[in-house]
Amino acid sequence: MNIVGVYSIKGGVGKTAAAVNLAYLAAAGGARTLIWDLDPQAAATFYLRVKPQVKGGGKSLARGHADLDDLVKATDFPRLDLLPGDFSMRNMDLLLEDAKRPTRQLLRLLRPLAEEYDIVFLDCPPSISLLSENVFRAADLLLVPTVPATLSVRTLDQLMVFLEDYGHARDLRVAPFFSMVDPQMPLQTGVMERVARRYPQTLVNAIPLAAELEYMGVHRLPLPAYAPICPATAAYVALWAEVQAKIGPGARS
Ligand SMILES: Nc1ncnc2c1ncn2[C@@H]1O[C@H](COP(=O)(O)OP(=O)(O)OP(=O)(O)O)[C@@H](O)[C@H]1O
Ligand SMILES: [Mg+2]
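Draft legend 1. Spatial organisation of helix H1 (residues 15-28). End to end, H1 covers 20 Å across 14 residues, agreeing with the expected 20 Å (1.5 Å per residue, within 8%). H1 sits mainly inside the fold: 13 of its 14 residues count as buried. Residue Gly-30 follows H1 closely and has a positive phi angle near 110°.

This is the structure in structure tokens:
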């Protein structure tokens, strides 16, 4: 089972869009796929038309008492399951602080699912917190959507420094990718070149700024399900191929 975190300190950069679309493509390609909505906003849950409800709430997750098998919901798509998020997860950090191994709960909860899924996507809330540290521990690969703009790149630098300082960088592979790329914006090309130089593991495929993406919330479907032929879908397909090549066999658990 490969665990892929879709994470950024910054909000509104395309994490949920990437998590849902890549999970959809993974499942469509034959992988038994789970997407875990870790965000109290429960946007991935909304997109996949599942009721935002966590039995036992964030508390049972943080204490490691939950059996994830009981919480998993099927989606409308073959091989794609969802662990929904709900508002009770807003206190995850406080709840995790009381846990015995506060940075390892997520991995502990996920381990029993290792035989059931080929790939798990973690749709993470913005910010850097105890929950994020759980994601850093659990994930084999961390995808970091990065808008090619100064403030977004600054949070990528902050993340990289954090991961180095805390030694998480040891087993965790971090792969930034560009999100919401807009050819009309004059500074973006230079920013992307600098980031790719600083972080050579930056993925080659980028997601363009595209009006079609906004309709995910209207249709409540992954983009490739309602717009199979458009440049943004093609970009996610290419990104997924690149991610697949990166994760390969031999990931943790
Ligand atoms: N490539 C894109 N082009 C245009 N709009 C996009 C693109 N990707 C995402 N969006 C839109 O931008 C908004 C934020 O996207 P999304 O929810 O995926 O970001 P996020 O990083 O998960 O946000 P949050 O930090 O709040 O969880 C949404 O309205 C979404 O439809
Ligand atoms: Mg989100």
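More follows now that the structure is in view.
Draft legend 2. Quick peek at helix H12 (residues 231-247). Compared with an ideal rise of 1.5 Å per residue, which puts 17 residues at 24 Å, H12 spans 24 Å between its outermost C-alpha atoms and is within 8% of the ideal. Within the sequence span of H12, burial applies to Ala-232, Thr-233, Ala-235, Tyr-236, Leu-239, Trp-240, Glu-242, Val-243 and Ile-247. Looking at the buried positions of H12, the neighbouring elements they touch are strand S1 (2-6), H1, strand S5 (119-123), strand S6 (141-146), strand S7 (173-178) and helix H11 (223-226). Looking one or two residues beyond H12, the residue adopting positive phi is Gly-248, at roughly 45°.

Draft legend 3. View of the site of ligand 1. Residues in close proximity to ligand 1 total 18 residues, the closest being Lys-15, Thr-16, Ala-17, Pro-208 and Ala-210. Gly-12 has a polar backbone atom sitting 2.9 Å from an oxygen atom of ligand 1. Here Val-13 contributes a backbone N or O atom positioned 2.9 Å from an oxygen atom of ligand 1. Alone, ligand 1 offers 620 Å² of accessible surface; in the complex the protein occludes 84% of this. Class assignment for the residues of the shell around ligand 1 results in 10 nonpolar, five polar and three charged.

Draft legend 4. Region of interest: the sheet that holds strand S2 (residues 33-37). The seven strands are arranged S3-S4-S2-S5-S1-S6-S7 in an open sheet whose pairing can be described as mixed. The sheet is open, and its two edges are formed by strand S3 (73-74) and S7, each paired on a single side. Note that S2 and S5 share five bridges and pair parallel. Counterpart to Leu-34 in the pairing with S5 is Val-120. Set on the sheet, helix H8 (residues 150-165) makes contact with S6 and S7; between it and S6 the angle comes to about 155°.

Draft legend 5. Representation of the pattern of salt bridges within the structure. Tallied over the full model, the rule gives two salt bridges. Arg-32 is paired through a salt bridge with Asp-118; the nearest N and O atoms lie 2.9 Å apart. Of the two residues, Arg-32 is situated in the loop between H1 and S2 and Asp-118 in the loop between helix H6 (105-110) and S5; the sequence distance between them amounts to 86 residues. A salt bridge links Asp-157 to Arg-198, with the shortest nitrogen-to-oxygen separation between them at 2.8 Å. Highlighted residues: Asp-157 in helix H8 and Arg-198 in helix H9 (residues 188-198), separated in sequence by 41 residues. We classify Asp-157 as partly exposed; its relative accessible area is 22%.

Draft legend 6. Focus on the packing of H1 against H12. H12 packs onto H1 with a crossing angle of 75° between their chain directions and a minimal axis gap of 10 Å. For the element pair H1 / H12, the angle class is roughly perpendicular. Residue-level contacts link Ala-17, Ala-18, Asn-21, Leu-22, Leu-25 and Ala-26 of H1 to Tyr-236, Val-237, Leu-239 and Trp-240 of H12. When the residues that make up the contact of H1 with H12 are grouped by side-chain class, the tally is nine nonpolar, one polar and no charged.

Procedures and definitions
Residues numbered from 1 in each chain as written. Chains lettered and ligands numbered in written order. Predicted model: local features only at pLDDT ≥ 70, side-chain atom pairs only at ≥ 80, totals over all residues. Heavy atoms only, no water. Helix = DSSP H or I, 4+ residues; strand = E, 2+ residues; numbered from the N terminus. Expected span 1.5 Å × (residues − 1). Buried < 20%, exposed > 50% of the residue type's maximum accessible area, 1.4 Å probe, protein only. Contact = heavy atoms within 4.5 Å. Near = heavy atom within 4 Å. Polar contact = N/O pair within 3.5 Å; in protein donor to acceptor, adjacent residues only side chain to side chain. Areas by Shrake-Rupley, 256 points an atom, 1.4 Å probe, with all protein chains shown as cover. Nonpolar A, V, L, I, M, F, W, Y, C, P; charged D, E, K, R; others polar. Pairing = 2+ DSSP bridges. Axes fitted to C-alpha atoms, helices over the stretch in contact; angles between N-to-C directions. Salt bridge = Lys/Arg side-chain N within 4 Å of Asp/Glu carboxyl O. Parallel < 35°, antiparallel > 145°, perpendicular 65-115°, else oblique.

Geometric descriptors of this kind do not, in isolation, establish any biological role.
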